[in-house]
Amino acid sequence: MKVPVTHLNLIIAWLWVILGFASGFALGLGFHDEKWLGGYASHKRRLYRLGHISFFGLALMNLMFYFTVRSFPAHSSLAITVAGWGFIGGAVSMPICCLIMAHQPKSRALFLIPVLSLITAGAFTLWEVIKL
Ligand code: HEM
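Reading the values: rules and limits
- Residues numbered from 1 in each chain as written.
- Predicted model: local features only at pLDDT ≥ 70, side-chain atom pairs only at ≥ 80, totals over all residues.
- Heavy atoms only, no water.
- Salt bridge = Lys/Arg side-chain N within 4 Å of Asp/Glu carboxyl O.
- Helix = DSSP H or I, 4+ residues; strand = E, 2+ residues; numbered from the N terminus.
- Axes fitted to C-alpha atoms, helices over the stretch in contact; angles between N-to-C directions.
- Parallel < 35°, antiparallel > 145°, perpendicular 65-115°, else oblique.
- Nonpolar A, V, L, I, M, F, W, Y, C, P; charged D, E, K, R; others polar.
- Near = heavy atom within 4 Å.
- Polar contact = N/O pair within 3.5 Å; in protein donor to acceptor, adjacent residues only side chain to side chain.
- Contact = heavy atoms within 4.5 Å.
- Buried < 20%, exposed > 50% of the residue type's maximum accessible area, 1.4 Å probe, protein only.
- Core = buried A, V, L, I, M, F, W, Y, C linked by side-chain atoms within 4.5 Å.
- Phe/Tyr/Trp six-rings, centres within 6.5 Å; stacked < 30°, edge-to-face > 60°.

Visitor: Is there a simple way to think about the pattern of salt bridges in this case?
Guide: Pairing between side chains of opposite charge can happen when the charged atoms of each approach one another. All told, the structure shown has 1 salt bridge when counted by the stated rule. Between Glu 128 and Lys 131 there is a salt bridge, with its nearest N and O atoms 3.2 Å apart. Pair noted here: Glu 128 and Lys 131 are both in helix H4 (residues 112-131), with a separation of 3 residues, about one helical turn.

Visitor: Can you help me understand the packing of helix H2 (residues 43-70) against helix H3 (residues 78-103) in this one?
Guide: Helix-helix packing is described using two parameters, namely the angle between the two axes and the distance between the axes. Interhelical geometry of H2 versus H3 gives an angle of 170 degrees and a closest axis separation of 8 Å. On the basis of their axis angle, the class for H2 and H3 is roughly antiparallel. Here the contact of H2 with H3 is composed, by residue class, of 19 nonpolar, 7 polar and 1 charged.

Visitor: What exactly am I supposed to notice about the site of the ligand here?
Guide: Around the ligand sit Phe 21, Gly 24, Phe 25, Leu 27, Gly 28, Phe 31, Tyr 40, Arg 45, Arg 49, His 52, Ile 53 and Phe 56, and that is every residue in its neighbourhood. The contact in question runs from an oxygen atom of the ligand to an N or O atom on the side chain of Arg 45, over 2.7 Å. Within the contact set of the ligand, an oxygen atom lies 2.8 Å away from a side-chain nitrogen or oxygen of Arg 49. Mapped by element, the contributors of at least two residues to the shell around the ligand are helix H1 (5-28) and H2. The class makeup of the residues in the shell around the ligand is 7 nonpolar, 3 polar and 2 charged.

Visitor: How should the side chain of Ser 117 be read in this particular structure?
Guide: Here Ser 117 lies in helix H4. Apart from residues lying up to four places away in sequence, Ser 117 is in contact with Trp 85, Gly 86, Gly 89, Gly 90 and Leu 112.

Visitor: Got a minute to help me understand the environment of Met 94 in this structure?
Guide: Relative to the assigned elements, Met 94 resides in helix H3. Classification of Met 94 as buried rests on a relative accessible area of 17%. Apart from the residues within four sequence positions on either side, Met 94 is in contact with Ser 54, Leu 58, Phe 111, Pro 114 and Leu 118.

Visitor: Teacher, can you tell me more about the nonpolar core here?
Guide: In globular proteins that are soluble, nonpolar side chains generally tend to be buried together. Within the largest apolar cluster, 24 residues are counted, with the highest numbers of intra-cluster contacts made by Trp 16, Leu 47, Phe 65 and Phe 111. Sequence-distant contacts of Phe 65, that is, excluding residues within four places in its chain, are made with Thr 6, Asn 9, Ile 80, Ala 83, Gly 84, Phe 87 and Thr 125.

Visitor: Where do I start with the packing of aromatic side chains in this structure?
Guide: The geometry of an aromatic ring pair is captured by the separation of the ring centres together with the interplanar angle, meaning the angle of the planes. A complete count under the given rule lists 4 aromatic pairs for this structure. Taken together, a centroid distance of 5.7 Å and an interplanar angle of 70 degrees make the contact between Trp 16 and Phe 55 edge-to-face. Taken together, the residues Trp 16 in helix H1 and Phe 55 in helix H2 connect sequence positions 39 residues apart. You'll find Trp 16 and Phe 55 in the same group, each marked buried.

Okay, structure coming up:
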(Lines give C-alpha, C1' and ligand atoms only; values in the text may rest on other atoms or scores of the structure.)
Protein backbone atom coordinates (compact mmCIF):
# COMPACT_ATOMS: atom_id res chain seq x y z
CA MET A 1 0.00 0.00 0.00
CA LYS A 2 1.53 3.38 -1.09
CA VAL A 3 1.81 5.85 1.85
CA PRO A 4 0.79 9.38 0.77
CA VAL A 5 3.67 11.82 1.31
CA THR A 6 1.45 13.90 3.62
CA HIS A 7 1.33 11.00 6.08
CA LEU A 8 5.14 11.09 6.13
CA ASN A 9 4.95 14.84 6.83
CA LEU A 10 2.78 14.07 9.88
CA ILE A 11 5.19 11.36 11.08
CA ILE A 12 8.19 13.69 10.62
CA ALA A 13 6.33 16.48 12.46
CA TRP A 14 5.89 14.43 15.64
CA LEU A 15 9.28 12.70 15.37
CA TRP A 16 10.92 16.14 15.09
CA VAL A 17 9.07 17.36 18.21
CA ILE A 18 10.54 14.41 20.14
CA LEU A 19 14.02 15.06 18.67
CA GLY A 20 13.59 18.72 19.68
CA PHE A 21 12.91 17.69 23.28
CA ALA A 22 15.81 15.22 23.21
CA SER A 23 18.24 17.82 21.81
CA GLY A 24 17.00 20.26 24.47
CA PHE A 25 17.75 17.65 27.08
CA ALA A 26 21.27 17.25 25.66
CA LEU A 27 21.79 21.02 25.68
CA GLY A 28 20.42 21.08 29.19
CA LEU A 29 23.27 18.83 30.37
CA GLY A 30 25.83 21.57 29.76
CA PHE A 31 24.12 24.95 29.45
CA HIS A 32 24.47 25.75 33.17
CA ASP A 33 28.24 25.98 32.57
CA GLU A 34 28.84 29.49 31.20
CA LYS A 35 31.96 28.37 29.32
CA TRP A 36 30.31 25.26 27.85
CA LEU A 37 31.19 24.81 24.16
CA GLY A 38 33.07 28.13 24.31
CA GLY A 39 30.26 30.11 25.95
CA TYR A 40 26.72 31.21 25.08
CA ALA A 41 27.76 33.27 22.01
CA SER A 42 30.30 30.80 20.59
CA HIS A 43 29.88 29.60 17.02
CA LYS A 44 29.50 25.94 18.04
CA ARG A 45 26.96 26.63 20.79
CA ARG A 46 24.93 28.95 18.51
CA LEU A 47 24.74 26.27 15.80
CA TYR A 48 23.77 23.60 18.35
CA ARG A 49 21.01 25.92 19.59
CA LEU A 50 19.88 26.61 16.01
CA GLY A 51 19.69 22.86 15.42
CA HIS A 52 17.58 22.43 18.57
CA ILE A 53 15.18 25.20 17.51
CA SER A 54 14.99 23.94 13.91
CA PHE A 55 13.45 20.67 15.10
CA PHE A 56 10.43 22.56 16.49
CA GLY A 57 10.18 25.07 13.68
CA LEU A 58 10.27 22.44 10.96
CA ALA A 59 7.98 20.10 12.86
CA LEU A 60 5.48 22.96 12.79
CA MET A 61 5.99 23.50 9.02
CA ASN A 62 5.35 19.80 8.29
CA LEU A 63 2.26 19.80 10.53
CA MET A 64 0.91 22.98 8.88
CA PHE A 65 1.48 21.39 5.45
CA TYR A 66 -0.35 18.22 6.48
CA PHE A 67 -3.43 20.13 7.64
CA THR A 68 -3.33 22.54 4.67
CA VAL A 69 -3.41 19.66 2.18
CA ARG A 70 -6.31 18.04 4.08
CA SER A 71 -8.40 21.12 3.16
CA PHE A 72 -7.67 20.66 -0.57
CA PRO A 73 -10.35 18.97 -2.70
CA ALA A 74 -7.71 16.65 -4.21
CA HIS A 75 -5.15 15.47 -1.66
CA SER A 76 -2.53 14.50 -4.22
CA SER A 77 -0.97 16.23 -7.17
CA LEU A 78 2.60 16.58 -8.45
CA ALA A 79 2.87 19.96 -6.70
CA ILE A 80 1.71 18.49 -3.37
CA THR A 81 4.15 15.59 -3.70
CA VAL A 82 7.07 17.93 -4.48
CA ALA A 83 6.08 20.24 -1.61
CA GLY A 84 5.69 17.33 0.81
CA TRP A 85 9.15 15.96 0.03
CA GLY A 86 10.55 19.52 0.13
CA PHE A 87 9.35 19.99 3.72
CA ILE A 88 10.73 16.56 4.69
CA GLY A 89 14.05 17.31 2.96
CA GLY A 90 14.30 20.65 4.74
CA ALA A 91 13.41 19.14 8.13
CA VAL A 92 16.03 16.40 7.80
CA SER A 93 18.85 18.48 6.30
CA MET A 94 18.57 21.64 8.49
CA PRO A 95 19.66 20.12 11.85
CA ILE A 96 22.31 18.06 10.02
CA CYS A 97 23.69 21.25 8.43
CA CYS A 98 23.73 22.91 11.87
CA LEU A 99 25.73 20.03 13.33
CA ILE A 100 28.20 19.94 10.43
CA MET A 101 28.65 23.70 10.44
CA ALA A 102 29.15 23.70 14.22
CA HIS A 103 32.32 21.70 13.60
CA GLN A 104 33.17 22.87 10.05
CA PRO A 105 32.46 26.65 9.95
CA LYS A 106 33.47 26.76 6.25
CA SER A 107 30.60 24.42 5.29
CA ARG A 108 28.05 27.29 5.28
CA ALA A 109 27.08 26.63 1.65
CA LEU A 110 25.54 23.35 2.80
CA PHE A 111 22.61 25.36 4.15
CA LEU A 112 21.55 25.85 0.51
CA ILE A 113 20.08 22.34 0.69
CA PRO A 114 17.47 22.98 3.44
CA VAL A 115 16.93 26.57 2.28
CA LEU A 116 16.17 25.67 -1.37
CA SER A 117 14.18 22.60 -0.30
CA LEU A 118 11.96 24.65 2.02
CA ILE A 119 11.52 27.59 -0.37
CA THR A 120 10.45 25.15 -3.12
CA ALA A 121 8.04 23.39 -0.74
CA GLY A 122 6.55 26.69 0.40
CA ALA A 123 6.19 28.00 -3.17
CA PHE A 124 4.41 24.83 -4.41
CA THR A 125 2.11 24.89 -1.36
CA LEU A 126 1.26 28.55 -1.96
CA TRP A 127 0.58 27.74 -5.64
CA GLU A 128 -1.88 25.04 -4.64
CA VAL A 129 -3.52 27.33 -2.06
CA ILE A 130 -3.92 30.15 -4.63
CA LYS A 131 -5.50 27.68 -7.10
CA LEU A 132 -8.18 26.71 -4.54
C1 HEM B 1 12.14 19.15 26.65
C2 HEM B 1 11.99 20.39 26.23
C3 HEM B 1 13.14 21.35 26.05
C4 HEM B 1 14.37 21.41 26.66
C5 HEM B 1 14.96 20.45 27.71
C6 HEM B 1 15.07 22.57 26.12
C7 HEM B 1 16.36 22.96 26.50
C8 HEM B 1 17.00 24.10 26.03
C9 HEM B 1 18.29 24.56 26.51
C10 HEM B 1 19.14 23.86 27.56
C11 HEM B 1 18.60 25.72 25.85
C12 HEM B 1 19.84 26.63 26.04
C13 HEM B 1 20.96 26.23 25.14
C14 HEM B 1 22.19 27.11 25.36
O15 HEM B 1 22.31 27.75 26.37
O16 HEM B 1 23.05 27.12 24.44
C17 HEM B 1 17.49 25.97 24.95
C18 HEM B 1 17.42 27.05 24.10
C19 HEM B 1 16.32 27.32 23.29
N20 HEM B 1 15.18 26.56 23.16
FE21 HEM B 1 14.75 24.83 24.11
N22 HEM B 1 14.27 23.19 25.18
C23 HEM B 1 13.08 22.49 25.13
C24 HEM B 1 11.99 22.79 24.34
C25 HEM B 1 11.90 23.89 23.49
C26 HEM B 1 10.73 24.25 22.70
C27 HEM B 1 9.41 23.45 22.67
C28 HEM B 1 11.03 25.38 22.01
C29 HEM B 1 10.22 26.20 21.02
C30 HEM B 1 9.27 25.78 20.31
C31 HEM B 1 12.41 25.72 22.36
C32 HEM B 1 13.07 26.82 21.87
C33 HEM B 1 14.32 27.24 22.30
C34 HEM B 1 14.95 28.49 21.86
C35 HEM B 1 14.34 29.52 20.90
C36 HEM B 1 16.21 28.53 22.48
C37 HEM B 1 17.28 29.62 22.34
C38 HEM B 1 17.08 30.58 23.45
C39 HEM B 1 18.27 31.51 23.51
O40 HEM B 1 18.59 32.11 22.50
O41 HEM B 1 18.89 31.55 24.52
N42 HEM B 1 12.91 24.80 23.26
N43 HEM B 1 16.52 24.98 25.07
